[in-house]
Amino acid sequence: GAAAQEDEDGPTYEVEEPAADMLGMGFLSFGKKEDVKTIGMEMHDATIRNKGGLVLDKKGSIQFGRKVRDAAALAGASSRADKAEEEARVSAEVAKQREAATLAAEQSARRAALQDEEDDAQEEDEVPLPGKEREMLPVTHEVTLQAHEKCITAMGLDPKGVRMVVGGMGGECKFYDFQGMTEEKKPFREVEPVADHMVQAISWSNTGGCLLVVCSDSHARIYDRDGSAKPIQSTVKGDMYVRDMQHTKGHTQSLTGGMWHPFANENWITSSLDGTIRIWDINAAPVGMDQVLPSVHVLKTMDRRNVCVGGASGRAGGLHPTCCVYSPSDAKLIVGGCSDGSIQVFFEKARYMKPDRILRDAHTALVTDVAFIQKGTQSNLMVTRSRDHTMKVWDTRMLSDAKGPVKTWEDLPCGHEKSGLCVSPCGQWITTGTAPEKASMGNSTVKIWETKDFKHVKTLDFGKKVPVKFAWPKELNQLIVGTSTGEVSMFYSPYASKRGALHFVGKKAKVKAEIDMGRSGPGPIFNMTDSEDIKKFYATGHGDMSKIRRAETRAAQKTITPIRPPDAKNTMAATSDSMAFAAMVMKSGAKILNLQNASGQEKDSQKALHKYADADKNPDLVGHVYKDNPQPLDWSVDVSEGDKRMSAKMQGSFCRKCGQKVCRCIDYSVWGEKRKKTS
């Protein structure tokens, strides 16, 4: 409380008593005080200050003692604690509200996804009307084949849709027969055209009797439909030292693509890093010792300087075709997509020179694939795919950079240099794949658009598998996608598709009975102490015939490395019968000659030379046979009787022209003198 003190000589003052009872109070409130006279100096001694009294030193100001300040500090701490607790409670309520909102959004999205699945299931279950089966997308069902361990870079199906060949970055081609397949989904043949070279393109002939396999070397190979171990025919390699590609008969650098002629059973085209597209004829006269095929036409792709220099070996300003295709309806156009993003078109003619049309600014990066939209007998629309993450549609009747494309799709990430596209056989849909960007967490997709109004109609989620190659065969009406993980996804519809995947889906593999397995007889016997037999044992035991085929192919190739003889550095060299015989002969000869090693060379050259100083006294090898014969070799020749008479007649001086000793056919008086010129 405050006590009023009255001074005899002055006015009344208000002085606050010690506020010990204020400790523990929640809040202190001091209103505006009335102006009072300042207390005299006697109030500022140590006793007053220690009592915690209140001191007024200025007009309208208040000063607290120690106890009051402690009480205020406790009150402030309590107030701050209450405020922090209130803020924590409010934050918890806000977080709870946010969590509830997020949960509600997830439930809403889940319900929407379930609704979409129900709609898709309803679409799948919906049976098309008779005659309308081809108008629905055959993507309602899916089956997967594990073809390769690495990325799939080429696929090809025969015209009847019975067999499929899949090639990958590992260099192997696997042959599948849909009619003979089961749920095991295994190929019936594996072929490796050339070791350590990826497969660039696979294309079947129009009759389906053989197929073209293009690898990343400089030779294109023709195989039969059964996948023979050796190709039927191959193309020649050109002279790499010839500057003008017109003057050599084959590609000089790695191939990048190829395609069989849509109608002619004997022609096909290939593209290469040397900057050319070549036309080949299987009936052409073979050349060289290997009897391989030469090219019949050379199509040169031109850079901005209008020069064909190729795009390999880091050539400045050079370009090369990365893919090549025929127009499917009439084969009158040959189109090459180039490494600089340009599209170069050649018209059919008797003699090919430069491109007839060049879309120099078609794309800003490498062109990965080109396809045509065929409707009926016309294929006037061309679709191109590029590494600049775009896909464009062009009208072949007005190809120019000024007019530009008919349609452009952007923001289609391209994840591989062999990324392709595909057009349905009816010409109604276009499909291509997208890859997730490096910084994003999205999935790969396959997108489908209509060709009539270029409207997006379907998106297929592929997860982390990047779709690379596409095929849509007419006889099957199934969408086949090759991915970066080596898998082949076949999409089909039970109503719109036929054959193909429908042959082996649900077809169980036959299990061999034990009695049949016992009739096979004993297997081969291997000597497990011999390294070669051990290799054969493991190769046969694991059923890995690809290694055996690869070894046989390498052993039969022309440019095989010769077997090196054993020496100090190569003690484990391979041996053969001929090498063993040669080693035996050298060893026996070294023993006869008293040499230290079988190579016939002494380590001390001076000592070896001194041995030949007395060669007559120490005959080596067969020298002792002619020891008593003064003339080891008989150089005499038997002369016939006629030769003897002719020699006798030829003796003496006579004219060799007329046969007379005194010749009259030559005036010897002027012999040797120069004849005077007659004017």
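The structure displayed is predicted, hence computed values, not measured ones. Throughout this description, residue numbers start from 1 for each chain and increase along the sequence as written. In keeping with the model being predicted, local features are shown solely for residues with a pLDDT of at least 70 and side-chain atom pairs are shown and tallied solely at 80 or more, while totals for entire chains, interfaces and linings include all residues. Just so you know, side-chain values use all the structure's heavy atoms and leave hydrogens and water out.

Caption draft 1: Here's a closer look at the sheet that holds strand S4 (residues 152-157). Strands are labelled as partners when DSSP assigns at least two bridges between them. The numbering of helices and of strands both runs from the N terminus, where a helix is a DSSP run of H or I of at least 4 residues and a strand a run of E of at least 2. Spatial strand order, S4-S5-S6-S7: four strands in an open sheet with antiparallel pairing. Pairing within the sheet leaves two strands with one partner each, and these edge strands are S4 and strand S7 (189-191). Sheet twist, expressed as the mean angle between neighbouring strand axes with direction ignored, is 20°. Sheet analysis places strand S5 (residues 163-168) next to strand S6 (residues 173-177), joined by five bridges and oriented antiparallel. Opposite Val166, over in S6, you have Lys174 as the bridge partner. Fitted lines through C-alpha atoms give the axes, limited to the stretch in contact for helices. The angle between two N-to-C directions lies from 0 to 180 degrees.

Caption draft 2: Examining the nonpolar core more closely. To form a nonpolar core, buried Ala, Val, Leu, Ile, Met, Phe, Trp, Tyr and Cys residues must be joined to one another through side-chain atoms within 4.5 Å. Buried means the residue's accessible area, taken with a 1.4 Å probe over protein chains only, is under 20% of the maximum for its type, while exposed means over 50%, and partly exposed covers the values in between. Counting 19 residues, the largest nonpolar core has Met164, Val488 and Met490 as the members making the most contacts within it. Of all elements in the fold, only strand S3 (141-146), S4, S5, strand S30 (487-492) and helix H3 (501-504) reach the threshold of two or more residues within this core. Pairs of residues are marked as contacts when any of their non-hydrogen atoms sit within 4.5 Å. Setting aside anything within four residues of it in sequence, one finds Met490 in contact with His141, Glu142, Val143, Leu145, Phe178, Gln478, Leu479, Ile480, Ala501 and Phe504.

Caption draft 3: Quick look at the environment of Leu476. When you line up the elements, Leu476 lands in the loop between strand S28 (467-471) and strand S29 (479-483). On the basis of relative accessible area, Leu476 is assigned to the buried category, the value being 0%. Once the C-alpha coordinates of Leu476 and Ser497 are considered, the two residues, 21 residues apart in sequence, prove to be 5.7 Å apart. Sequence-distant contacts of Leu476, defined by excluding residues within four places in its chain, comprise Leu157, Gly161, Phe178, Ser497, Lys498, Arg499 and Gly500.

Caption draft 4: Spotlight on the pairing of strand S21 (residues 378-386). Counting buried positions along S21 gives seven out of nine residues, so the element sits mostly inside the fold. Pairing of strand S20 (residues 367-375) with S21 involves seven bridges; the strand directions are antiparallel. Each residue of the ladder has a partner; that of Phe372, found in S21, is Met382. Between the end of S20 and the start of S21, which pair antiparallel, lie two residues, with Gly376 showing a positive phi angle near 70°. Relative to strand S22 (residues 391-395), S21 is paired through five bridges, and the arrangement is antiparallel.

Caption draft 5: Representation of a nonpolar patch on the surface. Patches here are clusters of residues that have more than 30% relative accessible area and form no salt bridge, with a 9 Å joining cutoff for like charges and a 5 Å cutoff for nonpolar side chains (Val, Leu, Ile, Met, Phe, Trp, Tyr). Accessible surface is estimated by sampling points in the Shrake-Rupley manner with a 1.4 Å probe; for residues, cover comes only from the protein chains shown. Here, a salt bridge means any side-chain nitrogen of Lys or Arg that lies within 4 Å of a carboxyl oxygen of Asp or Glu. Where nonpolar side chains cluster on the molecular surface, the patch consists of Met528, Phe537 and Tyr538 and spans about 300 Å² of accessible area. By secondary structure assignment, the location of Tyr538 is in helix H5 (residues 531-541). Relative accessible area serves as the criterion here: at 47%, Tyr538 is assigned to the partly exposed category.

Caption draft 6: Looking closely at the side chain of Thr390. Looking at where Thr390 falls in the secondary structure, it is placed in the loop between S21 and S22. Here Asp388 takes part through its side chain, which lies 2.6 Å from a polar atom of the side chain of Thr390. Here Thr390 is in contact with His363, Thr384, Arg385, Trp409, Glu410 and Leu412, once residues within four sequence places are set aside. Contacts described as polar in this section are N or O atom pairs within 3.5 Å, which, within protein, must combine one atom able to donate a hydrogen with one able to accept it, while residues neighboring in sequence count only if both atoms come from side chains.

Caption draft 7: Layout of the sheet that holds strand S19 (residues 357-359). The four strands lie next to each other as S16-S17-S18-S19, forming an open sheet whose pairing is antiparallel. Strands at the two margins of the open sheet, each flanked by one partner only, are strand S16 (321-326) and S19. Here the strands of the sheet are splayed against their neighbours by 15° on average, with no regard to which way each runs. Bridge analysis of strand S18 (residues 343-347) against S19 gives three bridges, and the strand direction is antiparallel. Each bridged residue has a counterpart across the sheet, and for Gln344 the counterpart in S19 is Ile358.

Caption draft 8: The pattern of salt bridges, seen in detail. Inspection of the entire model under this criterion finds 16 salt bridges. For Lys465, the salt bridge identified is with Glu487, shortest N-O distance 3.0 Å. With a gap of 22 residues between them, Lys465 in the loop between strand S27 (456-463) and S28 and Glu487 in strand S30 connect regions that are remote in the sequence.

Caption draft 9: Molecular detail of the state of the cysteines. In this description, the term disulfide denotes a pair of cysteine sulfurs within 2.5 Å. As enumerated under the stated definition, the model contains zero disulfides in all. The thiol sulfur of Cys308 is not disulfide-bonded, and the nearest other cysteine sulfur, from Cys338, lies at 9.6 Å.

Caption draft 10: The arrangement of the pairing of S6 in detail. Buried residues dominate S6, accounting for five of its five residues. Here S6 shows two buried faces, one formed by Cys173, Phe175 and Asp177 and the other by Lys174 and Tyr176. In textbook terms, the turn of a hairpin is the stretch between consecutive antiparallel strands, and for S5 and S6 this stretch comprises four residues, one of which, Gly171, has a positive phi near 95°. Where S6 meets S7, three bridges bridge the pair, whose relative direction is antiparallel. For Phe175, the partnering residue across the bridge sits in S7 and is Arg189.

Caption draft 11: Highlighting the packing of aromatic side chains. When the centres of two rings from Phe, Tyr and Trp lie within 6.5 Å, Trp using its six-membered ring, the rings pair. Their planes under 30 degrees apart give stacked, over 60 give edge-to-face, and anything left gives tilted. Enumeration according to the criterion identifies seven aromatic pairs in this entry. On the numbers, 5.1 Å between centres and 35° between planes, the contact of Trp409 with Trp449 is tilted. Residue Trp409 is found in strand S23 (residues 407-409), and its partner Trp449 is found in strand S26 (residues 444-450); the two are separated by 40 residues along the sequence. Residue Trp409 is classed as buried on the basis of its relative accessible area, which comes to 8%. Between Phe462 and Phe491, the ring centres sit 5.8 Å apart and the planes meet at 50°, which makes this aromatic pair tilted. Pair noted here: Phe462 is in strand S27 and Phe491 is in strand S30, with a separation of 29 residues, a long-range link.

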